[in-house]
Amino acid sequence: MIIGVPKEIKKQEFRVGLTPAGVQSLVAQGHQVYVQSQAGVGSGFSDELYMQTGAIILPDAASVYSTSQMIVKVKEPLAPEFPLIQAGQILFTYFHFAASKELTQAMIASKAICIAYETVELPDRSLPLLTPMSEVAGRMSIQVGAYFLAKAQGGKGKMLGGVPGVKPANVVILGGGVVGTQAAKMAAGLGANVTIFDTNLARLRYLEDILPANVSTQYSTSLSIQECLPQADLIVGAVLLHGAKAPHLIKKEDLKRMSPGTVLVDVAVDQGGCIETCRPTTHENPVFEIDGIVHYCVANMPGAVPQTSTLALTQATLPYVQQIAKEGWNLACTNNPALANGLTIYEGKLQNPTLAILFDL
């Protein structure tokens, strides 16, 4: 199969769809790999390194799309890329369709085969291609939250861990999945007082067992969340509904319950956000303020640490890329039910009933 890796064009996105090691393994299996010039520079991979592992470098995205049977990316295609996508072409990337009706309609119109990383799902309901980036985003949420809690950045002027004789900050995490668990580990490691909310009692019992003593678990209800807001210093939105828009657990009127300088980090923003007042931001301008509350809503958080993120992503996606390249998308999805769960659009047909209802398609 001919596989193409274009350069990401989302603002401040430095990740790339395949590492040189990934290219080498595909070439060794008899496939051709075309990489757009400079696609890997942000992640520390030069064109020369890709060529050494067997890739052919092409000058622009149009060349990559027109040449390739399968496109391997990181982020969803943006409007300038829509005209480049061909009917029958396989797109394997993060799509987060629930956040964009425009993207969903464009991919239906393109008649491409769209397999979304974030909905590839194993029998135990885990998401193997979302997990590595969720781990990065969960850990990053505490790093950026601690930074923006500084007074100079608009926060309360608190250190997460406090110091001897001074209480630590209160961190509230909405969601006990991969993002929430990693965020709790980081916040607890810095000495913060952490509360993690979820509606799954089995998950809460598990978290109670594995997390340190400065993390407490709480069953998530609207009332229980609202009760914790006045004391919260940093709130991390880590809610995920598989393939669907995240629910709003914090509404605009709830901001009045928080003290000025509270920081909100909504990791769920690429699925619509679980905080009503959040809207997607970029690494260039990551925060905005509403009612004195600092909102951090960068939709591609792992893009800020591309070396770590690209290596983590490729080691997760590569086995699936290899299977699609070897068997073709149809047989690969037939043989691999997890991959079939990621098949969202093909030949102009939307396969996800949740999206069909959401967008009335």
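Before reading on, note that the structure itself is shown above.
K.L.:
Explain the overall build of the protein chain residue by residue, including any values.
P.N.:
Counting its secondary structure elements, the protein chain contains 12 helices and 15 strands. Relative to the compact-globule value of 21 Å for 361 residues, the protein chain shows a C-alpha radius of gyration of 21 Å, a close match. Each principal axis of the C-alpha distribution contributes one length, and for the protein chain these read about 65 × 45 × 35 Å. Within the protein chain, counting contacts between residues at least 6 apart in sequence, those at least 24 apart form 63% of the total.

K.L.:
Can you explain helix α5 (residues 131-148)? Please cite residues and give values.
P.N.:
Helix length check: α5 (18 residues) gives 25 Å between terminal C-alpha atoms against 26 Å at 1.5 Å per residue, within 8%. Considered for burial, the residues of α5 that qualify are Pro132, Met133, Ser134, Val136, Ala137, Gly138, Met140, Ser141, Ile142, Val144, Gly145 and Phe148.

K.L.:
An account of the environment of serine 110 is needed here, citing residue identities and associated values.
P.N.:
Mapping serine 110 onto the fold places it in helix α4 (residues 101-110). We classify serine 110 as buried; its relative accessible area is 11%. One polar contact links the side chain of serine 110 to the main-chain amide nitrogen of alanine 112, over a distance of 3.1 Å.

K.L.:
A description of the sheet that holds strand β7 (residues 170-174) should follow, citing residues and the corresponding values.
P.N.:
Strand order in the open sheet made by the seven strands is β9-β8-β7-β10-β11-β13-β12, with mixed pairing throughout. The open sheet has two edge strands, β9 (215-219) and β12 (287-290), and neither has a second partner. If you compare each strand with its neighbour and ignore which way they point, the axes differ by 20° on average. Pairing of β7 with strand β10 (residues 234-237) involves four bridges; the strand directions are parallel. Residue pairing for β10: isoleucine 173 is matched across the bridge by valine 236. Contacting β7, β8 (193-198) and β9, helix α6 (residues 178-189) runs over the sheet at an angle of about 170° to β8.

K.L.:
Got a sec to walk through a nonpolar patch on the surface? Specific residues and values, please.
P.N.:
Taken together, the side chains of Met159, Val163 and Val166 make up a nonpolar region of the molecular surface, amounting to roughly 290 Å² of accessible area. As for its position among the elements, valine 166 is in the loop between α5 and β7.

K.L.:
Which residues make up α6, and what values go with them?
P.N.:
The end-to-end C-alpha separation of α6 is 17 Å, in line with the 16 Å expected for 12 residues at 1.5 Å each. Of all the residues in α6, the buried ones are Val179, Gly180, Thr181, Gln182, Ala183, Ala184, Ala187 and Ala188. Turning to α6, the residues buried within the fold contact α5, β7, β8, α7 (201-210) and β9. Of the residues trailing α6, glycine 191 is marked for its positive phi of about 95°.

K.L.:
Can you tell me about unusual backbone geometry, naming the residues and giving the values?
P.N.:
Of note, glutamine 12 is a non-glycine position whose phi angle comes to about 55°, a positive value. Here glutamine 12 is to be found in the loop between β1 (2-5) and α1 (20-28). You can call glutamine 12 partly exposed: its relative accessible area is 29%. Unusually for a residue other than glycine, aspartate 291 sits at a positive phi of about 55°. By the element assignment, aspartate 291 lies in the loop between β12 and β13 (293-296). You can call aspartate 291 partly exposed: its relative accessible area is 47%.

K.L.:
Outline the pattern of salt bridges, supporting the account with residue identities and numerical values.
P.N.:
Scanning all chains against the criterion turns up 10 salt bridges. Close ionic contact of lysine 10 with glutamate 76 constitutes a salt bridge, the shortest N to O distance being 3.1 Å. Here lysine 10 is found in the loop between β1 and α1, whereas its partner glutamate 76 is found in the loop between β4 (70-72) and β5 (90-93), with 66 residues between them in sequence. For lysine 252, the salt bridge goes to aspartate 291, with nearest N and O atoms at 3.7 Å.

K.L.:
Describe in detail the sheet that holds strand β2 (residues 32-36), supporting the description with residues and values.
P.N.:
The eight strands are arranged β3-β2-β1-β4-β5-β6-β14-β15 in an open sheet whose pairing can be described as mixed. On the outer flanks of this sheet lie β3 (56-58) and β15 (349-350), each paired with one strand and no other. Bridge count between strand β14 (residues 343-346) and β15: two bridges; the pairing is antiparallel. Paired with isoleucine 345 across the bridge in β15 is leucine 350. Packing against the sheet, α4 makes contact with β5, β6 (113-116), β14 and β15, and its axis sits at approximately 55° to β14.

K.L.:
Break down the pairing of β1 for me, with residues and values.
P.N.:
Two elements, β1 and β2, share four bridges in a ladder whose sense is parallel. Looking at β2, one finds that glycine 4 is bridged to tyrosine 34. Taking the sense of rotation as the criterion, the β-α-β connection linking β1, α1 and β2 turns out right-handed. Strand direction decides the pairing type here: β1 and β4, joined by two bridges, are parallel. Paired with glycine 4 across the two strands is isoleucine 71, which belongs to β4.

Rules behind the numbers
- Residues numbered from 1 in each chain as written.
- Predicted model: local features only at pLDDT ≥ 70, side-chain atom pairs only at ≥ 80, totals over all residues.
- Heavy atoms only, no water.
- Helix = DSSP H or I, 4+ residues; strand = E, 2+ residues; numbered from the N terminus.
- Rg over C-alpha atoms; globule rule 2.2 N^0.38 Å.
- Contact = heavy atoms within 4.5 Å.
- Expected span 1.5 Å × (residues − 1).
- Buried < 20%, exposed > 50% of the residue type's maximum accessible area, 1.4 Å probe, protein only.
- Polar contact = N/O pair within 3.5 Å; in protein donor to acceptor, adjacent residues only side chain to side chain.
- Pairing = 2+ DSSP bridges.
- Axes fitted to C-alpha atoms, helices over the stretch in contact; angles between N-to-C directions.
- Patch = residues over 30% accessible without salt bridge, like charges linked within 9 Å, V, L, I, M, F, W, Y side chains within 5 Å.
- Areas by Shrake-Rupley, 256 points an atom, 1.4 Å probe, with all protein chains shown as cover.
- Salt bridge = Lys/Arg side-chain N within 4 Å of Asp/Glu carboxyl O.
- Right-handed = clockwise from strand over helix to strand, strands pointing away.

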